[in-house]
Amino acid sequence: MPTIIFEKYQATGNDFILIDNRQKIFPNQLDLIPRLCDRKFGIGSDGLILIQEHPECDFEMVFYNPDTSQSLCGNGSRCAVKFARELGMIRDTCRFMAYDGIHEASIDEAGIVKLRMQNVQNVRSLEDGMLVDTGSPHLIRYVQDIEAVDVAGRGREIRYSDPFKKGGVNINFVEVQGDQSIFVRTYERGVENETLSCGTGVTAAAIACGLRSMASPVQIKTKGGKLEVAFNENTDQTFTDVYLIGPAQHVFSGKVDLATV
Ligand SMILES: N[C@@H](CCC[C@H](N)C(=O)O)C(=O)O
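Worth saying up front: this structure is predicted, and the values here are computed from it rather than measured. (Residues numbered from 1 in each chain as written. Predicted model: local features only at pLDDT ≥ 70, side-chain atom pairs only at ≥ 80, totals over all residues.)

Points about the UniProt feature "active site" (unreviewed entry) in the chain
To keep things clear, this is the line we draw: UniProt positions are given in the numbering used here, feature names are shortened, and annotations may be inferred rather than shown by experiment. Where helices and strands are cited, they refer to DSSP runs of H or I of at least four residues and of E of at least two residues respectively, numbered from the N terminus. Our exposure labels follow a C-beta count within 10 Å of each residue's own C-beta, placed from the backbone: buried means 20 or more other C-beta atoms, exposed means 12 or fewer, and partly exposed covers the counts in between. C-beta atoms are placed from the backbone for every residue, and two residues are taken to be in contact when these atoms lie within 7 Å.
UniProt feature "active site" (unreviewed entry): in the numbering of this structure it lies at Cys 73 and Cys 198. Spatially, the listed residues are clustered: although they cover 126 residues, their C-alpha atoms lie within 7.9 Å of one another. Mapped onto the elements of the fold, Cys 73 is located in the loop between β4 (59-64) and α2 (74-86). The residue Cys 198 is located in the loop between β13 (193-195) and α4 (199-211) in this model. Cys 198 sits in the buried class, given 32 other C-beta atoms within 10 Å. Ignoring sequence-local partners within four residues, the contact set of Cys 198 consists of Asn 14, Asn 75, Asn 170, Thr 186 and Glu 188.

In structure tokens form, the structure reads like this:
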């Protein structure tokens, strides 16, 4: 089993292991993923991303949650764009393939990444929340005092409740703080805990607020920092030109021996 080089990135505190897999160095062995993501026995992260060549795009990002499940990751996508630029695969704009299809992104002079999300069509109102699919499934619950919410406990209860236990769901607790500002805390499936921020989650929260007449762009606070979501709301309650905008930073590089992790 080889020693491989990895990069650690974070985007508003959602942290990821990124691996340049253009030479297919990462073994086809899924059990490595939870071990590498483990915060005590491994490198530690909220997910792992392989960057690969793609025949029609500038690159492909293959995202895994720590439990090896796959989905779109908004914060991870912004990290992938930064890493692809470091690798010389792109300059300041790109098209890349992800779990839910092709995305476009750009990086501005301040290093902020603007990621185009897929159009949002699947919004379902429930008695006690809203289900929004932004490449990953998100349940939106409005709360009054977000600091007081037991996100891990309450989130886990909902995630493993009958309607969701099979496919899983991410749970976003949302406090409206102003005309165009919200605070979001997310319980993430696949991590099975609260993370400091979730890109597809804040996008889903902004869309849900759009349906309650909040104007775009929506400013979002998370435990890990600030994000912005812009969208165009259509008369049929679908959303186009959806963008997730925020920072992504390289934290450190390292080598890991896959035989001992
Ligand atoms: N952290 C992510 C979401 C990753 C996917 C999610 N855990 C799921 O499996 O649905 C983000 O920034 O979007």
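Next comes the rest of the description.
Describing the pairing of strand β7 (residues 113-116)
Heads up, the condition is: DSSP-based pairing: two strands are paired if at least 2 bridges between them are found.
Every second residue of β7 is oriented toward a common face, the buried set being Val 113 and Leu 115 and the non-buried set Lys 114 and Arg 116. Direction of pairing for β7 relative to strand β16 (residues 239-246): antiparallel, over a ladder of four bridges. The residue of β16 that forms the bridge with Lys 114 is Ile 245.

Overview of unusual backbone geometry
Backbone torsion omega between Ser 216 and Pro 217 reads 0 degrees, so that peptide bond is classified as cis. Relative to the elements of secondary structure, Pro 217 occurs in the loop between α4 and β14 (218-222). Phi angles above zero are rare outside glycine, and Ser 213 is one such case at about 75 degrees. Within the secondary structure layout, Ser 213 lies in the loop between α4 and β14. Positive phi, close to 65 degrees, is recorded for Gln 237, a residue that is not glycine. Looking at the secondary structure, you find Gln 237 in the loop between β15 (225-233) and β16. Residue class for Gln 237 comes out exposed when judged on the 12 C-beta atoms lying within 10 Å of it.

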